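One-letter residues, chain by chain:
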Amino acid sequence: MSTSMRVVELVRFGAADAAFATRELPRPTPGPGQVLVRVLATSVNPLDFQTRRGDYRDQVALPAVIGNDVSGVVVETGPGAGDFQPGDEVWYLAPVFAGQGTYAEFHVVDQALVARKPAGLSHVEAAGLALVGVTAWEALVERAGVRAGERVLVHGGAGGVGSAAVQVASALGAEVVTTARERDHEFVTGLGADVAIDFSAGDYVPQVRALGGVDVVLDTVGGDTLTRSPEVLADRGRVVSIVDIPEPQNLLAAWGVNATYHFLFVSPGRAKLQALGRLVDQGRLRPVIGAVFPLADIAQAHTLLEGGSAGEGRGRPRGKIAIAVHPLDEPPHRTTP
């Protein structure tokens, strides 16, 4: 096996078409408790284009390999890494802003963050589910503590995190309300949403109130969506936001309904992946892959993703944009138009 690997590096902050360069770097070597994975697929997330445009420049030293989703095959294990063997198919969410990212042919990771890939998922599908699935699970299960029979509002149900969250909330036994453009209503109800509201057609708040409010809001949009969350909450409701908050929020209305707020920056972990894998095996969770690009076309993938939010952008696909890093010897993945 070659001692080098191909990567796509972020070489400057700014527009996607001038930000990246393809280079050869030494292949990493796994240390104690680590595994070396041949990356078959990764994906792009809003965190990626936010990093590329310079939102986190204090945490990213250029040049840098970014990216956080991996599905691939273990090729080497370090000392004490006995949980996996070469040839094992795995998937994981790499630590954010810590070491080399996943826009590369090989990646080293602590074995504690890695899980065996669900057999029912292709590598493209697994890579497209890792970050968004873990985010949805952490938001709804670990933070909001969603219980069967509760009503959950997921903003942006046609987007990456939103499409996973609708399915996870439904699997938990919740009644799921989601916001999405009218053209996506059939799609989100097919994922498990009980009610779909067209956020582009006017104020969504009266429509949610007419249902009796919600116990949990998952905010994937931010801004006015976060500010108005208390207006739709039942007493002692919970809000989980995964969006940066550049300005202070007036939470007086939240105080009035005894609300609990969680601001989530996702953290990787094997147990979350295993929980998601069980839902996949049960047929209750499926990745939504809207487009697949080769590694060399990362810039185009960023441009497509950045064109809108939560499935809003013209021409932007629903769900996730995946990256095929190596040629994939597997059945075609399922795509969603």
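Located above this text is the structure these notes cover.
A brief structural summary. Everything numeric here is computed off the predicted structure, so don't read it as measured data. The numbering scheme is per chain: residues are counted from 1 as the chain's sequence reads. For this predicted model, a pLDDT threshold of at least 70 governs which residues receive local features, and a threshold of 80 or more governs which side-chain atom pairs are given and counted, while totals over whole chains, interfaces and linings are taken from all residues. Side-chain numbers here rest on the full set of heavy atoms in the structure, without hydrogens or water.

### Some remarks on the pairing of strand β4 (residues 69–77)
Part 1 of the reasoning: Where strand β3 (residues 34–44) lies against β4, 6 bridges are found, and the strand directions are antiparallel. Within β4, the residue paired with Ala-41 across the bridge is Ser-71.
Part 2 of the reasoning: The sheet contact formed by β4 and strand β5 (residues 89–93) spans 5 bridges and is antiparallel. Pairing of Gly-72 across the sheet is with Val-90, part of β5. For two strands to count as paired, DSSP must find a minimum of two bridges between them. Numbering of helices and strands runs from the N terminus, with a helix taken as a DSSP run of H or I at least four residues long and a strand as a DSSP run of E at least two residues long.

### Some points on the pattern of salt bridges
Part 1 of the reasoning: Take a side-chain nitrogen of Lys or Arg and a carboxyl oxygen of Asp or Glu: if they are within 4 Å of each other, that pair is a salt bridge. Scanning the model with the defined rule gives 20 salt bridges in all.
Part 2 of the reasoning: Note that Asp-83 is salt-bridged to Arg-270, the shortest N-O span being 3.0 Å. Residue Asp-83 is located in the loop between β4 and β5, and its partner Arg-270 is located in helix α8 (residues 270–281); the two are separated by 187 residues in the primary sequence.
Part 3 of the reasoning: Note that Asp-88 is salt-bridged to Arg-116, the shortest N-O span being 3.3 Å.

### Regarding the packing of helix α2 (residues 123–143) against α8
Two quantities define a packed helix pair, namely the angle between the axes and the distance from one axis to the other.
Part 1 of the reasoning: A fitted line through C-alpha atoms represents every axis, and for helices the fit uses only the stretch in contact; the resulting angles, taken between N-to-C directions, go from 0 to 180 degrees. The contact between α2 and α8 brings their axes to 9 Å, and the two run at 100 degrees. The orientation of α2 relative to α8 falls into the category roughly perpendicular. Residues Leu-129, Gly-133, Val-134, Trp-137, Glu-138 and Glu-142 of α2 form the contact with α8, whose own contacting residues are Lys-272, Leu-273, Ala-275, Leu-276, Leu-279 and Val-280. When describing relative orientation, an angle under 35 degrees is termed roughly parallel and one over 145 degrees roughly antiparallel, while 65 to 115 degrees is termed roughly perpendicular and anything else oblique. Note on contacts: a residue pair is in contact if any heavy atoms of the two residues lie within 4.5 Å.

### A closer look at the packing of aromatic side chains
Part 1 of the reasoning: Stacked, tilted and edge-to-face are the three classes assigned to paired rings of Phe, Tyr and Trp, where Trp is represented by its six-membered ring and a pair needs centres within 6.5 Å; plane angles under 30 degrees give stacked, over 60 edge-to-face, the rest tilted. Taken as a whole and judged by the stated rule, the model has 4 aromatic pairs.
Part 2 of the reasoning: Centre to centre, the rings of Phe-20 and Tyr-103 are 6.3 Å apart; their planes meet at 55 degrees, and the pair counts as tilted. Of this pair, Phe-20 sits in strand β2 (residues 20–26) while Tyr-103 sits in the loop between β5 and β6 (106–110); the two residues are 83 residues apart in sequence, bridging distant segments of the chain. Across this residue pair, the class does not change: Phe-20 and Tyr-103 are buried.
Part 3 of the reasoning: Geometrically, the ring pair formed by Tyr-261 and Phe-263 is tilted, given 6.0 Å between the ring centres and 35 degrees between the ring planes.
Part 4 of the reasoning: Connected via pairs of aromatic rings, a cluster forms that spans Tyr-56, Phe-97 and Phe-265.
Part 5 of the reasoning: Lysine and arginine charges are scored as sitting over a ring when NZ or CZ, respectively, is within 6 Å of the ring centre and within 35 degrees of the ring normal. Across the ring face of Phe-106, the terminal group of Arg-27 is positioned such that the distance to the ring centre comes to 5.6 Å. Relative accessible area decides the class of each residue, using a 1.4 Å probe on protein chains only: under 20% of the type maximum gives buried, over 50% gives exposed, and in between gives partly exposed.

### Some points on the side chain of His-155
Part 1 of the reasoning: Structurally, His-155 can be placed in the loop between β8 (151–154) and α3 (160–171).
Part 2 of the reasoning: Overall, His-155 belongs to the buried group, its relative accessible area being 3%.
Part 3 of the reasoning: Filtering out sequence-adjacent residues up to four positions away, His-155 remains in contact with Thr-179, Tyr-204, Val-217, Leu-218, Asp-219, Thr-220, Val-221 and Thr-225.

### A closer look at helix α9 (residues 298–305)
Part 1 of the reasoning: Looking at α9, one finds that the buried residues are Ile-298, Ala-299, Ala-301, His-302 and Leu-305. Seen end-on, α9 carries its buried residues on one side only, within an arc spanning 160 degrees.
Part 2 of the reasoning: Residues of α9 that are buried make contact with β1 (4–10), β2, β3, α1 (46–53), β14 (289–294) and β15 (320–324). This arc is built from the directions going out from the helix axis to the C-beta atoms.

### Here we look at the environment of Ser-241
Part 1 of the reasoning: Tracing the backbone shows Ser-241 in strand β12 (residues 233–241).
Part 2 of the reasoning: Linking Ser-241 and Val-217, residues 24 residues apart in sequence, is a C-alpha distance of 8.1 Å.
Part 3 of the reasoning: Those residues in contact with Ser-241 that lie beyond four places of it in its chain are Asp-219, Leu-226, His-262, Phe-263 and Leu-264.
Part 4 of the reasoning: In this structure the side chain of Ser-241 is engaged in a polar contact, spanning 3.3 Å, whose partner is the backbone nitrogen of Val-243. N or O atoms closer than or at 3.5 Å make up a polar contact, with two conditions inside protein: a donor-capable atom paired with an acceptor-capable one, and, for residues adjacent in sequence, both atoms drawn from side chains.

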